[in-house]
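Summary of structural features
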Amino acid sequence: MQTVEYLVVGAGMSGLGFTAWLRAEAAARGRPLPDVLVLEADDAPGGYCKTVEQDGFVWDYSGHFFHFKHEDIEAWLRARMDGEVRTVARHAAIRVAGRDIDFPFQKNIHQLPHDDFLSCLHDLYFRHEDSPDASPGSFKEMLYRRFGRGIAEMFLVPYNEKLYATDLDRLDQDAMGRFFPRADVADIIRNFKHPDSGGYNATFTYPAHGAIEYVRALLREVPSSQLALGERLVSIDLRRQLALTTKRELGFKRLVSSAPLPRLLAACGVDHDAAAFTWNKVLVFNLGFDRKGREGLHWMYFPDPEVVFYRVGWYDNILGGDRMSLYVEIGADKDAALDVPRLRERVLADLEREGIIDGHTLVAEHSVVLDPAYVHVTQASMAEHARVRRLLEAAGVYSVGRYGGWTYCSIEDNLVETRELARTFGPLL
């Protein structure tokens, strides 16, 4: 039976990032390179950060646009990448009652029709303020308290209900963390005269050949001999530190997993509250058309429940080209049955109704279901995650990334997290 020092489950950005950082840590300490094996159930690395090139179009599994806060990480990746990486100043909009409002909505209510604007401004000014001894009990309550009924009901509530495919009263008030656009009354009113629609993703980068280029940058630091593709983890014996895969049994000293936490817990046989972990899934349609459509816009949000998708993005307005290239996202409950052909026709009809396609001919298409897509961060999930994390780490198992950590985060956050984990193992190398 083969035994490795570090068994990594998942060859996405988190798993590959940890492996690359661990090797860099060993080299910096002048230690032998660690014995690592990365398991990946799919036949190709990348996880959800995969890119499809078809009929001259470049599509990701969904829109993966990078917003780097750590210049050293961005420089490290860029040094290992081939081809152009474009830096883009974001232009995003929201379709509300047939009118396009700049994102974020709460800072641009002055662009609404007069009566809607007055309603939002009135409700914002007279909103229910947080009391000193209490905080909002849910994400939905936070939206009403912070922005008032008008802003909440015109965009924030219906859009996020479509995105998460759940009752927002189930989510923790801070379910989106730093990614939720913040704005106080002064910010909103100041924006009437001095537009500033910035935020964490006001500027983003995107490689000319898709997000897979970031995966390839990490793969430059991970020998192919340490990758086991097409090999799925089946079960883990925590006491004996043994992992059973679809191909063999492996011993390990430490295991780092970016698999969805409920799957890891089931594989380990850890008793846990499965009801604490819920999520949505997202059906992504990538669509290529015969000619250009709207220019200058990168993505648009659709809160209207009568429109099947919650977001549409334009790859061609990022990468250039003379043909419209879209990604279209539909949120659904994790247990919902998705009739992909029917939804495809609905998407095309709604795109036409919203004026995004107008006599265009569809010439290429691709679809994928992301399951899980957005996890539901709740009081129950946070408490249960904290409890099981202690149990796992006591047995040498570390659950990382968006799905391993059951959180809302960016790909850069995953790289920061796995770099810190690799550094904690430095003295053990």
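**Examining the overall build of the chain**
Regarding its fold elements, the chain presents 12 helices and 18 strands. The globule rule puts the C-alpha radius of gyration for 429 residues at 22 Å, and the 23 Å found for the chain is close to it. Over its C-alpha atoms, taken along the principal directions, the chain stretches across nearly 70 × 55 × 40 Å. Burial statistics for the chain: of 429 residues in total, 55% are counted as buried. Contacts spanning at least 24 positions in sequence make up 75% of the contacts within the chain whose residues lie at least 6 apart. When the accessible area of the chain is evaluated, it comes to approximately 18300 Å², of which 48% is carbon and sulfur surface. For the chain, the separation between the mean place of its 50 positive charges and that of its 62 negative charges on side chains is 4 Å.

**Focus: the sheet that holds strand S17 (residues 362-370)**
The 7 strands are arranged S7-S6-S14-S15-S16-S13-S17 in an open sheet whose pairing can be described as mixed. The open sheet is flanked by strand S7 (99-102) and S17, the only strands paired with a single partner. Along the sheet, successive strands turn relative to each other by an average axial angle of 25 degrees, direction set aside. Pairing of strand S15 (residues 311-314) with strand S16 (residues 325-333) involves 4 bridges; the strand directions are antiparallel. Each residue of the ladder has a partner; that of tryptophan 314, found in S16, is leucine 326. Relative to the sheet, helix H9 (residues 340-353) contacts strand S13 (280-289), S15, S16 and S17, its axis offset from that of S13 by approximately 60 degrees.

**Quick word on helix H3 (residues 114-125)**
Taking 1.5 Å per residue, 12 residues should reach 16 Å; H3 reaches 16 Å between its end C-alpha atoms and fits that length. Residues of H3 that are buried include every one of Phe117, Cys120, Asp123 and Leu124, and no others. Summarising the axial view, the buried residues of H3 lie within an arc of 140 degrees, below the 170-degree limit, and thus occupy one face. Facing away from the buried side of H3 by more than 90 degrees, the exposed set consists of His114, Asp115 and Tyr125. Close packing links the buried residues of H3 with helix H4 (139-164) and helix H5 (185-193).

**A few points about the environment of proline 181**
The topology assignment puts proline 181 in the loop between H4 and H5. A residue is classified by how much of its surface remains accessible, and proline 181, at 21% relative accessible area, is partly exposed. Sequence spacing of proline 181 and asparagine 280 is 99 residues, and the spatial spacing of their C-alpha atoms is 21 Å. The contact partners of proline 181, leaving out residues within four places of it in the chain, are Phe103, Pro104, Gln106 and Phe147.

**What to know about the nonpolar core**
The biggest cluster of nonpolar side chains holds 85 residues, and the ones touching the most others in it are Leu7, Phe105, Phe139 and Leu143. Here this core gets 12 residues from one element, more than from any other, and that element is H4. Core analysis: the second largest hydrophobic core is formed by 38 residues, Val8, Phe18, Val38 and Leu227 among them.

**Digging into the pairing of strand S11 (residues 242-245)**
In terms of strand pairing, strand S10 (residues 233-237) meets S11 through 4 bridges, oriented antiparallel. Residue pairing in the sheet places serine 235 in a bridge with leucine 244 of S11. In this structure, the hairpin formed by S10 and S11 is closed by a connection of 4 residues, where glutamine 241 is found at a positive phi of approximately 55 degrees. Two elements, S11 and strand S12 (residues 249-257), share 3 bridges in a ladder whose sense is antiparallel. Following the sheet pairing, leucine 242 is matched in S12 by glycine 251. The hairpin turn running from S11 into S12, its antiparallel successor, is 3 residues long.

**Here's the deal with the environment of arginine 419**
Within the secondary structure, arginine 419 is located in helix H12 (residues 411-424). Sequence separation between arginine 419 and phenylalanine 18 is 401 residues; the distance between their C-alpha atoms is 6.1 Å. Not counting the four nearest positions on each side in its chain, arginine 419 is found in contact with Trp21, His70, Asp72 and Ile73.

**What about the packing of aromatic side chains?**
Tallied over the full model, the rule gives 34 aromatic pairs. Considering the side-chain rings of phenylalanine 57 and tryptophan 59, the 5.5 Å spacing of their centres and the 10 degrees angle between planes classify their relative orientation as stacked. Considering the side-chain rings of phenylalanine 147 and phenylalanine 180, the 6.0 Å spacing of their centres and the 50 degrees angle between planes classify their relative orientation as tilted. In this pair, phenylalanine 147 is assigned in helix H4 and phenylalanine 180 in the loop between H4 and H5, connecting sequence segments 33 residues apart. Of the two residues, phenylalanine 147 and phenylalanine 180, both sit in the buried class. Among the aromatic residues, those joined into a ring-pair cluster are Phe65, Phe204, Tyr206, Trp299, Tyr315 and Tyr327. A cation sits over an aromatic face here: arginine 254 above phenylalanine 425, 5.6 Å from the ring centre. The residue whose ring lies beneath arginine 402 is tyrosine 408, and the NZ or CZ to ring-centre distance is 5.1 Å.

**Digging into the packing of helix H2 (residues 71-78) against H12**
At a minimum axis separation of 11 Å, H2 and H12 run at an interaxial angle of 95 degrees. Classed by the angle they form, the pair H2 and H12 counts as roughly perpendicular. Residue-level inspection shows Asp72, Ile73 and Leu77 of H2 in contact with H12, the latter providing Leu415, Val416 and Arg419. Split by residue class, the contact of H2 with H12 holds 4 nonpolar, no polar and 2 charged.

**A short note on the pairing of S13**
For S13, the buried fraction is high: 10 of the 10 residues fall into the buried class. Of the two faces of S13, the one lined by Asn280, Val282, Val284, Asn286 and Gly288 and the one lined by Lys281, Leu283, Phe285, Leu287 and Phe289 are each fully buried. Here 9 bridges tie S13 to S16, and the two strands are oriented antiparallel to one another. Counterpart to leucine 283 in the pairing with S16 is isoleucine 330. Where S13 and S17 come together, 8 bridges link them in antiparallel fashion. The partner of leucine 287 across the bridge, within S17, is glutamate 365.

Reading guide: rules and limits
- Residues numbered from 1 in each chain as written.
- Predicted model: local features only at pLDDT ≥ 70, side-chain atom pairs only at ≥ 80, totals over all residues.
- Heavy atoms only, no water.
- Helix = DSSP H or I, 4+ residues; strand = E, 2+ residues; numbered from the N terminus.
- Rg over C-alpha atoms; globule rule 2.2 N^0.38 Å.
- Buried < 20%, exposed > 50% of the residue type's maximum accessible area, 1.4 Å probe, protein only.
- Contact = heavy atoms within 4.5 Å.
- Areas by Shrake-Rupley, 256 points an atom, 1.4 Å probe, with all protein chains shown as cover.
- Lys, Arg positive; Asp, Glu negative; His and termini not counted.
- Charge placed at Lys NZ, Arg CZ, Asp CG, Glu CD.
- Pairing = 2+ DSSP bridges.
- Axes fitted to C-alpha atoms, helices over the stretch in contact; angles between N-to-C directions.
- Expected span 1.5 Å × (residues − 1).
- Arc of directions from axis to C-beta.
- Core = buried A, V, L, I, M, F, W, Y, C linked by side-chain atoms within 4.5 Å.
- Phe/Tyr/Trp six-rings, centres within 6.5 Å; stacked < 30°, edge-to-face > 60°.
- Lys NZ or Arg CZ within 6 Å of the ring centre and 35° of its normal.
- Parallel < 35°, antiparallel > 145°, perpendicular 65-115°, else oblique.
- Nonpolar A, V, L, I, M, F, W, Y, C, P; charged D, E, K, R; others polar.

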